[in-house]
Amino acid sequence: STAQIGVTGLAVMGRNLARNFARNGYTVALHNRTNARTRALVEEFGDEGNFVATESAEDFVAALERPRRLVVMVKAGEPTDAVIAEFAPLLEPGDMIIDGGNAHFADTRRREKELRERGIHFVGTGVSGGEEGALNGPSIMPGGSPESYDSLGPMLEKISAKAKNGDPCVTHIGPDGAGHYVKMVHNGIEYADMQLIGEAYQLLRDVAGRSPAEIAEIFRTWNTGRLDSYLIEITAEVLAHTDADTGKPFVDIVLDQAEQKGTGRWTVQIALDLGVPVSGIAEAVFARAVSGHAGLREASQHLAGPSPRAMGEDEAAAFADRVEQALYASKVVSYTQGFHQIAAGSEQYEWNIDLGKVAAIWRGGCIIRAAFLDRITQAYEAQPGLVSLLADKGFAEEIAAAQDDWRTVLTTAVTHGVPTPALAATLAYYDSLRAPRLPAALTQGQRDYFGAHTYHRTDRDGTFHTLWGGDRTEIDA
Ligand code: NDP
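The shown structure was predicted, so the numbers you read here are calculated from the model rather than taken from an experiment.

**Student:** An account of helix 2 (residues 35–45) is needed here, citing residue identities and associated values.
**Tutor:** For helix 2, the set of buried residues is Thr-38, Leu-41 and Phe-45. Summarising the axial view, the buried residues of helix 2 lie within an arc of 75°, below the 170-degree limit, and thus occupy one face. On its buried face, helix 2 is in contact with helix 1 (12–23), strand 2 (28–31) and strand 3 (51–53).

**Student:** For the site of the ligand, give the residues involved together with the corresponding values.
**Tutor:** Around the ligand, the surrounding shell holds 20 residues, and the nearest of these are Met-13, Asn-32, Thr-34, Arg-37 and Val-74. Contact between the ligand and Leu-10: an oxygen atom at 3.4 Å from a main-chain N or O atom of the residue. Look at the ligand: alone it shows 890 Å² of surface, and the protein chains cover 77% of it. For the shell around the ligand, the elements supplying multiple residues, two or more each, are helix 1 and helix 4 (78–87). Residues belonging to the shell around the ligand are distributed by class as follows: ten nonpolar, six polar and four charged.

**Student:** An account of the confidence of the model for the protein is requested, with residue identities and associated values reported.
**Tutor:** Within the protein, residue pLDDT values average 97, and 100% of them lie at 70 or more. In the predicted assembly, ipTM is 0.98 and pTM is 0.97.

**Student:** Can you lay out the environment of Lys-158 for me, pointing to particular residues and giving the numbers?
**Tutor:** Positionally, Lys-158 belongs in helix 7 (residues 146–159). Residue classification places Lys-158 among the partly exposed positions, given a relative accessible area of 45%. In this structure, the C-alpha to C-alpha distance between Lys-158 and Val-170, residues twelve residues apart in sequence, is 9.4 Å. Among all residues touching Lys-158, those that are not within four sequence positions of it are Asn-24 and Tyr-26.

**Student:** Requested: an account of the packing of helix 18 (residues 393–416) against helix 19 (residues 421–434), with residues and values cited.
**Tutor:** Axes are the key here: two packed helices are described by the angle between their axes and the distance separating the axes. Following both chains from N to C, one finds helix 18 and helix 19 inclined at 130°, their axes separated by 11 Å at the closest point. Between helix 18 and helix 19, the angle falls in the class oblique. By crossing handedness, the relation of helix 18 to helix 19 is classed as left-handed. In this structure, helix 18 uses Ile-399, Gln-403, Trp-406, Arg-407 and Leu-410 to contact helix 19, whose residues at the interface are Leu-423, Ala-424, Thr-426, Leu-427, Tyr-430, Asp-431 and Arg-434. Tallied by class, residues from the contact of helix 18 with helix 19 come to seven nonpolar, two polar and three charged.

**Student:** Describe the pattern of salt bridges, and please don't skip the residues or the numbers.
**Tutor:** By the definition in use, this model includes 35 salt bridges. A salt bridge links Asp-193 to Lys-331, with the shortest nitrogen-to-oxygen separation between them at 3.2 Å. Here Lys-331 lies in helix 15 (residues 313–349) and Asp-193 lies in helix 8 (residues 178–206), a separation of 138 residues in the sequence. When the shortest N-O distance is used, the salt bridge between Asp-431 and Arg-434 registers 3.0 Å. Here the residue Asp-431 and the residue Arg-434 both occupy positions in helix 19, the gap between them amounting to three residues, near one helical turn.

**Student:** So what's going on with the nonpolar core? Residues and values would help.
**Tutor:** Core analysis: the biggest nonpolar cluster contains 89 residues, and Phe-219, Phe-339, Trp-362 and Ile-376 have the highest contact counts within it. Every residue in contact with Trp-362, bar those within four places of it in the chain, is listed here: Ser-139, Met-141, Val-182, His-186, Ile-189, Phe-339, Ile-342, Ile-368, Arg-369, Ala-370 and Leu-373. Within the second largest apolar cluster, 27 residues are counted, among which are Ala-18, Val-28, Leu-30 and Phe-51.

Reading guide: rules and limits
- Residues numbered from 1 in each chain as written.
- Predicted model: local features only at pLDDT ≥ 70, side-chain atom pairs only at ≥ 80, totals over all residues.
- Heavy atoms only, no water.
- Buried < 20%, exposed > 50% of the residue type's maximum accessible area, 1.4 Å probe, protein only.
- Helix = DSSP H or I, 4+ residues; strand = E, 2+ residues; numbered from the N terminus.
- Arc of directions from axis to C-beta.
- Contact = heavy atoms within 4.5 Å.
- Near = heavy atom within 4 Å.
- Polar contact = N/O pair within 3.5 Å; in protein donor to acceptor, adjacent residues only side chain to side chain.
- Areas by Shrake-Rupley, 256 points an atom, 1.4 Å probe, with all protein chains shown as cover.
- Nonpolar A, V, L, I, M, F, W, Y, C, P; charged D, E, K, R; others polar.
- pLDDT = per-residue confidence, 0-100.
- Axes fitted to C-alpha atoms, helices over the stretch in contact; angles between N-to-C directions.
- Parallel < 35°, antiparallel > 145°, perpendicular 65-115°, else oblique.
- Left-handed = near helix turned anticlockwise from the far one by under 90°.
- Salt bridge = Lys/Arg side-chain N within 4 Å of Asp/Glu carboxyl O.
- Core = buried A, V, L, I, M, F, W, Y, C linked by side-chain atoms within 4.5 Å.

Rendered as C-alpha cells:
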C-alpha cells in the first residue's frame with residue numbers, strides 16, 4: 001500500500017485528475033470498471049508520475065495507504081451508489097471516499113450520513129473547470145467533515161488552480177452536501193452568465209448590426225476591462241471562428257437549441273424550495289428550454305413583431321457601449337442572487353458557508369472565473385455580514401453609473417423585439433428591491449378577499465381579515 005490517493009472512474013475527468021495528482025508528486029492508484037481505460041491511461045501517460053494500476057476493487061483498496069483516500073469520478077447518480085456499494089465494505093473507519101462527480105447535494109447528504117454511521121468520511125466535492133481544469137488545476141469545492149479536510153486539503157491545494165495572487169482555489173466549504181450545493185449554484189450562475197452574454201451578442205447583432213467577427217472584437221475589448229473573464233474570452237473565440245465547410249461564421253451554422261445536463265435546473269428547483277429569487281438563473285434555464293422547443297418556434301414564425309428603424313453608425317457604436325454597462329449590471333445582480341441562494345442553503349442546512357471564501361476559490365480554474373470575483377471576495381471580507389452584494393457600496397455605485405444605459409438597452413431591446421429575458425429579469429429584481437412599495441400589498445388584499453388568508457397592517461401589529469362578503473368591517477384574525 002503505497003499510493004496516497006486513488007482514482008476510480010477514468011473517463012476524461014478522472015483520468016485528468018489522476019494525472020494532475022501524479023504530476024504533483026503523489027503516487028496514484030488507478031481503477032475503472034472497464035479495465036481497458038486503466039491500461040490506456042498507464043500506456044499513454046505512465047511516464048508523467050507514479051501510477052499503480054489495479055484491476056479489482058480489492059487490489060485498488062489494498063494499494064492505498066491508510067487512511068485511504070479514494071476519489072470517485074464516475075457518472076453521477078446510480079453509478080455513484082453502485083461504486084460506493086462496491087468499495088465501502090472494503091474500507092475501514094477513518095477512510096475517505098471523495099465524490100468528485102456532479103452529484104445532487106441531497107444525494108450527497110444521504111450518502112454522507114450512511115457512510116458516517118460506518119466511520120467512513122464521505123467528501124462530496126464540486127470540481128469545476130472541465131477536462132482542462134481537471135488536468136491543470138480545477139476550482140475544488142469539498143464538503144464533508146473537517147477531519148477529512150485536514151487530511152485531504154493539502155493535496156487538493158496542490159492540484160487546484162491558483163488565483164492571480166497565488167491562493168489555491170479550494171477551501172473546506174462545509175459539512176455533508178455543502179460542496180456539491182455550492183458547485184450546483186456555481187453552475188446556475190454559469191448559466192446566467194452565458195445567457196446574459198448571449199443576449200448581449202444578439203443585441204449587438206440585431207440592433208447594432210454588427211457581424212460575429214466584429215462582435216468578437218467588441219468582446220475582446222470588454223475582456224480587458226471589468227468584464228475580464230473566461231466566458232467573455234471564449235465567447236470572442238467562438239464568434240471569431242469560421243466554419244471550414246461553408247466559410248460562414250461558425251455561430252451561424254450551429255443549431256440554435258441549447259442543451260443542458262441538469263445542474264442549472266437543480267439550482268432553480270432548490271431556489272424555489274428555499275424561496276430565493278434567482279430570476280436571472282431561472283430565465284437562463286428557461287431560455288435554453290425555449291430554444292429547444294423546435295415545433296413551438298416553427299409554429300410561431302408568423303407572429304407579429306415590431307418594425308423598428310435601423311440605427312445609424314454613431315448610434316450603433318454608442319449602443320454597443322451601453323450594452324457593456326447593461327451586461328455588467330445584470331451580471332452583478334445575477335451573482336447577487338446566486339450568493340443569496342448559497343447563504344439561504346447554508347442557513348437551511350447549517351453549513352456555515354463563508355461567502356467570501358466561495359468567491360475567492362472561483363477566481364481561478366472554474367468556468368465562471370473572472371476578475372470581478374476579486375471584488376466580491378473583498379466585499380465579503382470587508383463586511384462579513386453583508387446581506388446582499390447590492391448592499392456593498394462599490395457595487396451599488398457601479399450600478400448607479402450603469403443604470404441609465406441598462407434601462408436604455410432594455411427599452412431598445414423591447415422596441416426591436418429582441419428577447420432579453422435575463423437582462424430584463426435582473427433589472428426587474430433590482431427595481432423590486434429598490435421600490436418603496438410593492439404590489440404585494442394588493443396581492444395580500446386579493447388573497448384575503450378570495451381565501452380569507454389575512455394580512456398585516458403597516459400601522460399596527462396583529463393579523464387582520466376584512467369581511468369582504470359582508471359589511472367589509474375589519475376583524476382581528
Ligand atoms: P462520465 O460522466 O461520462 O462517466 C464515465 C465514467 O463512469 C467511466 O469511468 C465509467 O466506467 C463510469 N461508470 C459509469 N457507470 C458506472 C457504474 N455503474 N459502475 C462503475 N463505473 C461506472 O465521465 P466524465 O469524466 O465526463 O465525468 C465524471 C464525473 O465528473 C461526472 O459525475 C460528471 O458529471 C463530473 N464532471 C464532469 C465535468 C466535465 O466537464 N465533463 C466537469 C465537472 C464534473 P466505464 O469506463 O467502465 O464505462
